[in-house]
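# Fold and contact review
What follows is the residue order along each chain.
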Amino acid sequence: MSTKKTHRYRPIIRYMYEQKRIFNTEVLPIEIFNYLIQYPQFGDYNIEELFADLNALVKSNNLTEIPDNTEVEGIDEFKRNRRLFILTDFTFEIEKMLTSFEKNFHRIGTSLEPTLPEKLYNALHRLRDFSRRKTVDKDDLVYLNEVWEDMFDKFLKLDNNASTYMSHINAEKLEAIMAQPDAFIVFKDEFVAYLTNFIIGLKRNAPYIEQLLRDIEGPGFAVLKKYLIQFQRTIPKTEVIPDSEFEMAYDEIWLGVTHWFISREAKESKVRQLERRTNSSIVRVTKLAQQAAERQFYTRNRKTDYLHLAKIVHQQNNLEEAGKLFSFLFGFDNIKHFKTNGKETDSTKYTIWDCQPEEVDIKYRAKSPTDKQTKRSLKVPTMDEEALQRKRMLEARRDYEEKAIKKLLDCNYLALRELGTVEPFIRSAILTWINKGMLSKTQDSNICEGRTEHGVKFKLAQVSEDIIELHSPDGILKLPDYEFTFSEVK
C-alpha cells in the first residue's frame with residue numbers, strides 16, 4: 001500500500017500483525033490508539049483519525065471488522081468497546097514476508113549449523129537399512145516416513161542456509177563493511193571462524209554421505225519408494241491420488257539430494273561448488289583484512305617514525321652527511337656480500353673497506369671414497385637357503401594379508417555381523433580400526449571417525465544394542481553390533 005497516509009497505515013498493520021502472532025487476534029481500537037500515541041509522530045493523533053484509518057484499511061481488505069451491537073449504551077461505547085478488528089490472512093502473510101526480509105537485510109546470512117551434515121548422514125544411514133529390508137510392518141512404515149521427513153528437513157535447512165549465506169557474502173553489503181577498516185577486521189575474524197567450522201563439518205561428512213547415496217540409489221531407492229507409498233496409502237484422503245504422483249514427488253526429492261552431493265558428468269555437485277566458493281571467499285576476505293590492517297598500521301605508526309627521521313636528516317650540516325645518514329637507515333641498493341679471513345687489526349678506526357683484497361680458494365670438500373669403503377659398498381650379503389625360504393614365506397604371507405584387508409576396504413560398507421569366520425589378522429585389523437574410531441568419539445555423537453593404516457577414512461556406527469560374535473579359527477570374539485562406512489582415498 002502506497003498512499004499519502006502510508007506512514008499511519010504501516011504502524012497499524014504492524015501492530016495488528018504482532019498481536020496476531022501472540023494470539024491476540026481480535027484487537028480493540030483503544031489498544032491500537034494507546035500503542036500509536038507512544039511515538040512522537042503520533043503526538044497530535046486523535047481517536048477520530050484512528051477510526052478513519054481503520055475504515056480505510058477495512059475497505060482495502062487489510063482488516064476485517066467484527067461489530068458487537070448487544071447492549072450498547074451510546075455511540076462512544078460502540079466506538080471504543082464494541083468494534084473489534086482482525087488482520088486478514090492475506091495481509092498477515094505479506095507482513096510475515098516483510099519481517100523476514102527485514103531480518104535478512106540486517107544480518108549476514110542465516111545460522112550455518114556445523115552438525116547439520118552429520119545429522120543428514122545419520123538419517124541417510126537409517127534409510128539405507130530400510131532399503132535392504134524384505135518386509136516391514138505398520139510401525140516400521142510410520143518410522144520410515146519419520147526418517148524420510150527428517151532427512152528432507154535437514155537437507156532443506158542445509159541447502160537454504162548455505163545458499164543464503166553465500167549470496168550475502170557476495171552482496172554489496174559485504175563491500176560496504178570492507179570499506180570500514182575497524183569494523184571489517186572484527187567481521188573478518190567472525191566470518192572466517194564461522195564459515196570454516198561449517199566447511200570442516202561438511203567436508204568431513206560429504207564423502208560418507210555420497211557413499212550412502214550411491215548405496216541406496218537404484219534398487220535400494222525403489223524399495224524405499226514402495227514402502228513410502230504404502231505408508232501414504234494408510235492415510236485417509238478425500239481424493240484418490242495415483243501411485244505415479246507419489247513416485248514423481250519422491251523421485252524429485254531424491255534427485256535434488258543426490259545432485260547436491262554427487263557430481264554427474266560435466267555438472268559439478270553443489271557441495272563441490274560450495275567448498276570452492278567458500279575457499280575463495282575466505283582467501284578474499286583474509287587478503288582484504290590484511291591490506292586494511294597494513295594500511296592502518298602504516299598510517300598510524302610509520303607516520304611518526306618518518307617525521308622523526310626527517311627531522312634528523314634536516315639537522316645535518318651538508319648533503320654528504322645527510323647521504324651517509326640515509327645509507328645507515330636504508331642501506332645500499334644491490335649491494336654485494338664479501339667474505340674475508342678477518343680484519344688485519346682490531347682497531348675500531350678501520351673498516352672492511354680499509355683491508356687489502358684477498359683471494360679465497362674454493363675447494364671441493366667431499367672426500368674420495370677409500371678402497372675399503374668401496375669394497376664394503378659392493379659387498380653383497382650372503383643368506384643361507386633356510387633364511388631365504390623363510391623370507392619368501394614372510395613376504396608371501398604379508399602380500400596375502402594386504403590383499404585380504406584391501407578387499408575389505410574396497411567394499412565401502414562393512415557390517416561385522418555379516419562377516420562370518422575371519423582370520424586372526426583381519427580380526428586384529430578390525431579391532432585396531434575400532435580403537436582409532438573410539439578416540440574421536442564425543443559425548444553428544446554416536447558416530448566415530450578414523451583413518452586406516454592404508455589412508456582410508458571411515459565412519460564407525462553402532463546400529464543396534466545386540467552383542468554379536470566374530471568367529472576365528474583360534475576363538476570367538478564378542479563385541480557390539482558395529483558397521484563401517486569407508487570413503488575413497490583422495
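Everything quoted here is computed from the prediction, not taken from an experiment. (Residues numbered from 1 in each chain as written. Predicted model: local features only at pLDDT ≥ 70, side-chain atom pairs only at ≥ 80, totals over all residues. Heavy atoms only, no water.)

For the rest of this paragraph, the subject is the overall build of the protein. Scanning the protein from terminus to terminus reveals 16 helices and six strands. Across the 490 residues that make up the protein, the buried fraction comes to 33%. Taking the contacts inside the protein whose residues are at least 6 apart along the sequence as the reference set, 67% of them involve residues at least 24 apart. Here the protein has roughly 32900 Å² of accessible surface; of this, 54% comes from carbon and sulfur atoms. (Helix = DSSP H or I, 4+ residues; strand = E, 2+ residues; numbered from the N terminus. Buried < 20%, exposed > 50% of the residue type's maximum accessible area, 1.4 Å probe, protein only. Contact = heavy atoms within 4.5 Å. Areas by Shrake-Rupley, 256 points an atom, 1.4 Å probe, with all protein chains shown as cover.)

Moving on: helix α6 (residues 116-131). For α6, which comprises 16 residues, the first-to-last C-alpha distance of 23 Å matches the rise-based estimate of 22 Å (1.5 Å per residue) to within 8%. By the burial criterion, the buried members of α6 are Leu116, Pro117, Leu120, Tyr121, Ala123, Leu124, His125, Leu127, Arg128, Phe130 and Ser131. (Expected span 1.5 Å × (residues − 1).)

For the rest of this paragraph, the subject is the layout of surface pockets. When its volume is computed, the largest pocket comes out at roughly 640 Å³. If you trace the largest pocket, you find 24 residues lining it, with His125, Arg126, Asp129, Gln462 and Val463 closest to the centre. At the level of secondary structure, the elements contributing two or more residues to the lining of the largest pocket comprise α6, β4 (447-451), β5 (457-472) and β6 (475-486). With six residues, β5 is the single largest residue contributor to the lining of the largest pocket. (1 Å grid on protein atoms, 1.4 Å probe; cavity = no way out; pocket = protein on both sides within 12 Å on 5 of 7 lines; lining within 4 Å. Points joined across faces, edges and corners; volume = space filled by probe spheres on them.)

This part takes up unusual backbone geometry. Residue asparagine 61 is not a glycine yet carries a positive backbone phi of 65°. For asparagine 61, the location among the structural elements is in the loop between α3 (47-59) and β1 (63-67).

Bringing the sheet that holds β6 into the picture now. The four strands are arranged β3-β6-β5-β4 in an open sheet whose pairing can be described as antiparallel. Where the open sheet ends on each side, the last strands, each with one partner, are β3 (413-415) and β4. Recorded for the sheet is a direction-independent mean angle of 45° between the axes of neighbouring strands. Alignment of β3 against β6, held across three bridges, turns out to be antiparallel. Each bridged residue has a counterpart across the sheet, and for leucine 414 the counterpart in β6 is phenylalanine 484. With respect to the sheet, helix α16 (residues 424-438) is in contact with β3, β4, β5 and β6, its orientation differing from that of β6 by roughly 60°. (Pairing = 2+ DSSP bridges. Axes fitted to C-alpha atoms, helices over the stretch in contact; angles between N-to-C directions.)

What follows is about the nonpolar core. In terms of nonpolar packing, the biggest core is built from 45 residues, with Leu124, Leu127, Trp148, Trp260 and Phe261 touching the most fellow members. Element by element, the count of residues in this core is highest for helix α9 (residues 181-216), at ten residues. Apart from the residues within four sequence positions on either side, leucine 127 is in contact with Leu144, Val147, Trp148, Met151, Ile216 and Leu224. Within the second largest apolar cluster, 23 residues are counted, among which are Leu416, Phe425, Ile468 and Leu479. (Core = buried A, V, L, I, M, F, W, Y, C linked by side-chain atoms within 4.5 Å.)

Summarising the element assignment, threonine 421 is placed in the loop between β3 and α16. For threonine 421, the residues in contact, after removing those within four places along its chain, are His471, Ser472 and Pro473.

Another point: the pattern of salt bridges. Any two side chains of opposite charge can pair if their charged atoms end up close together. Taken as a whole and assessed by the stated rule, the structure comprises 23 salt bridges. Measuring nitrogen to oxygen at the nearest pair gives 3.6 Å for the salt bridge that ties arginine 126 to aspartate 150. In this pair, arginine 126 sits in helix α6 while aspartate 150 sits in helix α7 (residues 138-169), placing the two residues 24 residues apart along the sequence. In this structure aspartate 150 comes out as partly exposed when scored by relative accessible area, which is 23%. Beyond isolated ion pairs, a larger network of salt bridges with shared partners links Arg128, Asp215, Arg417, Asp481 and Glu483. (Salt bridge = Lys/Arg side-chain N within 4 Å of Asp/Glu carboxyl O.)

This part is about a negative patch on the surface. Residues Glu395, Asp399, Glu402 and Glu453 make up a contiguous surface patch of negative charge. Along the chain, the position of glutamate 453 falls in the loop between β4 and β5. Classification of glutamate 453 as partly exposed rests on a relative accessible area of 47%. (Patch = residues over 30% accessible without salt bridge, like charges linked within 9 Å, V, L, I, M, F, W, Y side chains within 5 Å. Lys, Arg positive; Asp, Glu negative; His and termini not counted. Charge placed at Lys NZ, Arg CZ, Asp CG, Glu CD.)

Here we take up the confidence of the model for the protein. Parts of the model with low pLDDT should not have their predicted coordinates read in detail. On average, the protein scores 78 in pLDDT, and the residues at 70 or more come to 74%. Across the protein, α3 holds the top mean pLDDT of 90, while helix α4 (residues 75-81) sits lowest at 55. Residue range residues 105-110 is modelled with pLDDT below 50. Its contacts to residues more than four positions away, or to other chains, number 16 contacts. (pLDDT = per-residue confidence, 0-100.)

Helix-helix packing is characterised by the crossing angle of the two axes and by the distance between the axes. Following both chains from N to C, one finds helix α10 (residues 219-233) and helix α11 (residues 243-261) inclined at 130°, their axes separated by 10 Å at the closest point. By the angle between their directions, the pair α10 and α11 is classed as oblique. The handedness of the crossing between α10 and α11 is right-handed. Contact residues: α10 offers Phe221, Lys225, Leu228, Ile229, Gln232 and Arg233, while α11 offers Asp243, Phe246, Glu247, Tyr250, Asp251 and Trp254. Among the residues making up the contact of α10 with α11, the classes are represented as six nonpolar, one polar and five charged. (Parallel < 35°, antiparallel > 145°, perpendicular 65-115°, else oblique. Left-handed = near helix turned anticlockwise from the far one by under 90°. Nonpolar A, V, L, I, M, F, W, Y, C, P; charged D, E, K, R; others polar.)

A contiguous nonpolar patch, built from Tyr306, Val313, Phe326, Leu329 and Phe330 and spanning about 450 Å² of accessible area, is present on the exposed surface. Breaking the nonpolar patch down by element, the ones donating at least two residues are α12 (270-314) and α13 (319-330). The leading source of residues in the nonpolar patch is α13, at three residues.

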